[in-house]
Number of protein chains: 2
Amino acid sequence: MESYFGQKYLRVQDDLKHIPRGTILLEDQIISGYPHVGRILTLNPGLSQHFQAPFIAEEKIDGYNVRIFQSESGIKALSRGGFFCPFSTDRAGDFIPDALFKKYPDLIVCAEIAGPENPYNLEAPPFIKSDIHLYIFDFMRKGKFEFLSQDEKKEIIEEFDLSSVNTFGIFNADQPQKIIELTERLDKENREGLVLKEISKRNHRAKFVTPNSSLEDIRTTSLFMHDVENEYFVNRISQIGLYMKEAGRIPDDELYRQLGKALLDGELNAYEMYLKEGRVKHTFRCRFHGKNSAYALIEQLNARHPHGGIQKRSLEKEDDMWVLEFDRVFAKTTGLFGYFIGGGLLFD
Amino acid sequence: MESYFGQKYLRVQDDLKHIPRGTILLEDQIISGYPHVGRILTLNPGLSQHFQAPFIAEEKIDGYNVRIFQSESGIKALSRGGFFCPFSTDRAGDFIPDALFKKYPDLIVCAEIAGPENPYNLEAPPFIKSDIHLYIFDFMRKGKFEFLSQDEKKEIIEEFDLSSVNTFGIFNADQPQKIIELTERLDKENREGLVLKEISKRNHRAKFVTPNSSLEDIRTTSLFMHDVENEYFVNRISQIGLYMKEAGRIPDDELYRQLGKALLDGELNAYEMYLKEGRVKHTFRCRFHGKNSAYALIEQLNARHPHGGIQKRSLEKEDDMWVLEFDRVFAKTTGLFGYFIGGGLLFD
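Every value quoted in this text rests on a predicted model; they were computed, and no experiment measured them.

Visitor: What exactly am I supposed to notice about the packing of helix H7 (residues 231-247) of chain A against helix H10 (residues 331-341) of chain B here?
Guide: Each pair of packed helices gets described by two things: the angle between the helix axes and the distance between those axes. Look at H7(A) against H10(B): their axes get within 12 Å of each other, and the N-to-C directions meet at 50°. Taken together, the axes of H7(A) and H10(B) are oblique relative to one another. The handedness of the crossing between H7(A) and H10(B) is right-handed. Residue-level contacts link Glu231(A), Ser238(A) and Leu242(A) of H7(A) to Lys332(B), Phe337(B), Phe340(B) and Ile341(B) of H10(B). Of the residues in the contact of H7(A) with H10(B), the class split is 4 nonpolar, 1 polar and 2 charged.

Visitor: Looking at this structure, I do not really get the pattern of salt bridges. What am I missing?
Guide: Side chains bearing opposite charge may pair, as long as their charged atoms lie close to each other. Inspection of the entire model under this criterion finds 60 salt bridges over all chains. The partner of Glu152(B) in a salt bridge is Arg141(B), with the nearest N and O atoms 3.7 Å apart. Of the two residues, Glu152(B) is situated in helix H4 (residues 150-160) and Arg141(B) in strand E10 (residues 133-141); the sequence distance between them amounts to 11 residues. Residue Arg141(B) is classed as partly exposed on the basis of its relative accessible area, which comes to 30%. Among the ionic contacts, a cluster of salt bridges with common partners joins Glu58(A), Asp138(A), Lys153(A), Lys197(A) and Arg205(A).

Visitor: Honestly, the packing of aromatic side chains in this entry has me stumped. Any pointers?
Guide: For any two aromatic rings, the description comes down to two numbers: the centre-to-centre distance and the angle of the planes. Applying the stated rule across the entire model yields 34 aromatic pairs over all chains. When the ring of Tyr64(A) is compared with that of Tyr120(A), the centres are 4.7 Å apart and the planes differ by 85°; the resulting orientation is edge-to-face. One end of the pair, Tyr64(A), is in strand E7 (residues 64-71); the other, Tyr120(A), is in the loop between strand E9 (107-114) and strand E10 (133-141), and 56 residues separate them in sequence. Like Tyr64(A), the residue Tyr120(A) is buried in the burial classification. On the basis of an interplanar angle of 35° and a centroid distance of 4.5 Å, the ring pair of Phe51(B) and Phe55(B) is categorised as tilted. With respect to burial, Phe51(B) and Phe55(B) carry one shared label: buried. Grouping aromatic residues by their ring pairs yields a cluster made of Tyr9(A), Phe69(A) and Phe84(A). Of note, Arg191(A) hangs over the ring of Phe127(A), and the distance from its end group to the ring centre comes to 4.3 Å. Across from the ring centre of Phe83(B), 5.1 Å away, lies the NZ or CZ of Arg304(B), which sits over that ring.

Visitor: What am I meant to see in the environment of Ile156(A) here?
Guide: In this fold, Ile156(A) is placed in helix H4 (residues 150-160). Not counting the four nearest positions on each side in its chain, Ile156(A) is found in contact with Leu100(A), Tyr104(A), Leu107(A), Phe139(A), Leu148(A) and Leu162(A).

Visitor: Quick question: what am I supposed to make of the relation of the copies chain B and chain A here?
Guide: Two chain copies, one operation linking them: a rotation about an axis together with a shift along it. In screw terms, the move from chain B to chain A is a rotation of 180° and a rise of 0.0 Å along the axis, fitting with an RMSD of 0.0 Å. On the angle and the small slide along the axis, the relation comes out as a two-fold axis. Counting the interface residues of chain B, we find that 100% of their copies in chain A are interface residues as well, pointing to one common contact surface.

Visitor: When you look at helix H10 (residues 331-341) of chain A in this model, what are you seeing that I'm missing?
Guide: Within the sequence span of H10(A), burial applies to Thr333(A), Thr334(A), Phe337(A), Phe340(A) and Ile341(A). When H10(A) is viewed along its axis, its buried side chains cluster within an angular range of 135° and face the same direction. Buried positions along H10(A) lie against helix H8 (253-277), strand E16 (321-329) and strand E17 (345-346) of chain A together with helix H1 (43-50) and helix H7 (231-246) of chain B. Once H10(A) finishes, Gly343(A) follows within two positions and takes phi at roughly 95°, a positive value.

Visitor: Explanation requested: a nonpolar patch on the surface in the structure shown.
Guide: Taken together, the side chains of Met1(A), Leu10(A), Leu25(A), Ile30(A) and Phe145(A) make up a nonpolar region of the molecular surface, amounting to roughly 450 Å² of accessible area. For Met1(A), a relative accessible area of 70% puts it in the exposed group.

Visitor: How should I be thinking about the sheet that holds E7(A) in this particular structure?
Guide: Sheets are built from strands that pair by backbone hydrogen bonding, the pairs being arranged parallel or antiparallel. Residue and element names in this part refer to chain A. Here 4 strands make up an open sheet; going across it, the order is E8-E7-E9-E10 and the pairing antiparallel. Of all the strands in the sheet, just strand E8 (74-79) and E10 have a single pairing partner and so form its edges. Strand after strand, the sheet turns through a mean of 30° between neighbouring axes, direction not considered. Docked against the sheet, H4 engages E9 and E10, running at close to 130° with respect to E10.

Each value, and the rule that gives it
Residues numbered from 1 in each chain as written. Chains lettered and ligands numbered in written order. Predicted model: local features only at pLDDT ≥ 70, side-chain atom pairs only at ≥ 80, totals over all residues. Heavy atoms only, no water. Axes fitted to C-alpha atoms, helices over the stretch in contact; angles between N-to-C directions. Helix = DSSP H or I, 4+ residues; strand = E, 2+ residues; numbered from the N terminus. Parallel < 35°, antiparallel > 145°, perpendicular 65-115°, else oblique. Left-handed = near helix turned anticlockwise from the far one by under 90°. Contact = heavy atoms within 4.5 Å. Nonpolar A, V, L, I, M, F, W, Y, C, P; charged D, E, K, R; others polar. Salt bridge = Lys/Arg side-chain N within 4 Å of Asp/Glu carboxyl O. Buried < 20%, exposed > 50% of the residue type's maximum accessible area, 1.4 Å probe, protein only. Phe/Tyr/Trp six-rings, centres within 6.5 Å; stacked < 30°, edge-to-face > 60°. Lys NZ or Arg CZ within 6 Å of the ring centre and 35° of its normal. Least-squares fit on C-alpha atoms with pLDDT ≥ 70 in both. Arc of directions from axis to C-beta. Patch = residues over 30% accessible without salt bridge, like charges linked within 9 Å, V, L, I, M, F, W, Y side chains within 5 Å. Areas by Shrake-Rupley, 256 points an atom, 1.4 Å probe, with all protein chains shown as cover. Pairing = 2+ DSSP bridges.

And the structure:
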């Protein structure tokens, strides 16, 4: 049993047959978790392995996943894991009109929140220059463990003129070349890639990302490379390599240089930061309508990153918004730097 | 209890207080394991942290560690982990004269075997063009858990004109700059680095390696990046970064290019190999005096890499030696490639 502003609820912490992790039970409402979407590394024969019917190609946005719904005490936003997110809850109304839930009280909006001023991701899509934006990519209904169809989704998005992810049309499993043409274009624009969604009852999905998005992941994460689960880099290098093969591209010196720089510069920046500040951290900044939402976020982050992992810097009013700044300290990277720079021995 | 050609022995499988892993008990003889030597990432203040007396700088050779000694049934070689090595045992006599053990029957020779034709390492120092070579860096005595002093070592090496590692003189903890000058020279020659050994009773040691050797490790290992323990790449990137800082070098595009290429080309080579052969492997080749030694090596490798991890290719007489060729299949990398290329989904 967990609680959020006094509201008690149950949270499903791991996938349980058809009930995804992050599903919550709130009073008499069940809000399904958002199911995992696997990453496809090879379109041919991957597409025909996975898709039994035509599929729609939607743009994948590099942000964090939220589910937004109407509760008794107002509109709420849940993170992927099923935690109430004070930031997303505070800001949901900027992107979703109340009228949507008035007409469809059972609706669950599934969306990505992305942008340079968000409290979770260090990176943001290049086309969002400030603050955040929200992009809807699915709807569910309370108590159900399935998505609305593409047609139903489109209808609601158009009815309320909602902000949603780009769609690039409908494809078949025998068109890997068309998908590559599309991702080649997205790659040039430093966009993340695609989510492919079968137009069928079973509604099967797969992600496919651009090499520039893998490079950007590596570039961002190398600052705290000792804190991430270890397959992180190896899997992304595999993604880049397999993508190149599939796109018929031969890696050139510029790609090698970018990959090497993405890895090494993070390490060197972390070193400089450690020498200057005694820790390796990232400063997050995000904007709230309500001061209490900012306090609630800090409290929640503190619980998830104990032992000083989160350090509030400031909370100040700017125009009509509260701007919170806080540091997230990367504990393992900080500790290892201290150890290495202090002359510690590495046994391998 | 283990056995080797009918000889039973006990093997210490983990460090146990002052008894290192790889120590063996053979009839009435105890052969100490070779203790771990930690890697130092920052000379200043690392040197003064670790060394309380002057230390000798020896060249570190990129090969595998053996201990060679006289048993009742002849000269034997043990691997780091305390396994009898049929290959090293077969070849030890090429580098160590019988006269050494006649005069010093209690001696344990600690050495690195390196070269392009060895059964364990995929990489070899650039200065060994074919076959293998052996470089002595320490002596121990049976039943003792300590090394002979530098003076005693030098005396025996000179007396028998033995092949040993280069030494570069004696340094103090306040001379990190001298050590960097030395490794800068080694780096230009693509040599691995140094082992620093305190000239004192406690005989403390630390390794310090060149950035080119870390790059070479990455270049070699990226072929089977999914098979290595995961800190492998991250730790080597840290080593390169911290070395650059200490040497006052600013990473340039050429270093970035080399690092990116080291990582990505292995992945692409693995892909090509998988498509052509259905597996990711390395072909080892090594030369024996005795045909039975080659069979014994294959048997031992099979036991350590079950489920077809080792596949013999050929064993043929060339001049007066038996030349064995075998493949080592990288199981996890092969499996993942099969999965990815078959269109499998990666959940992360």
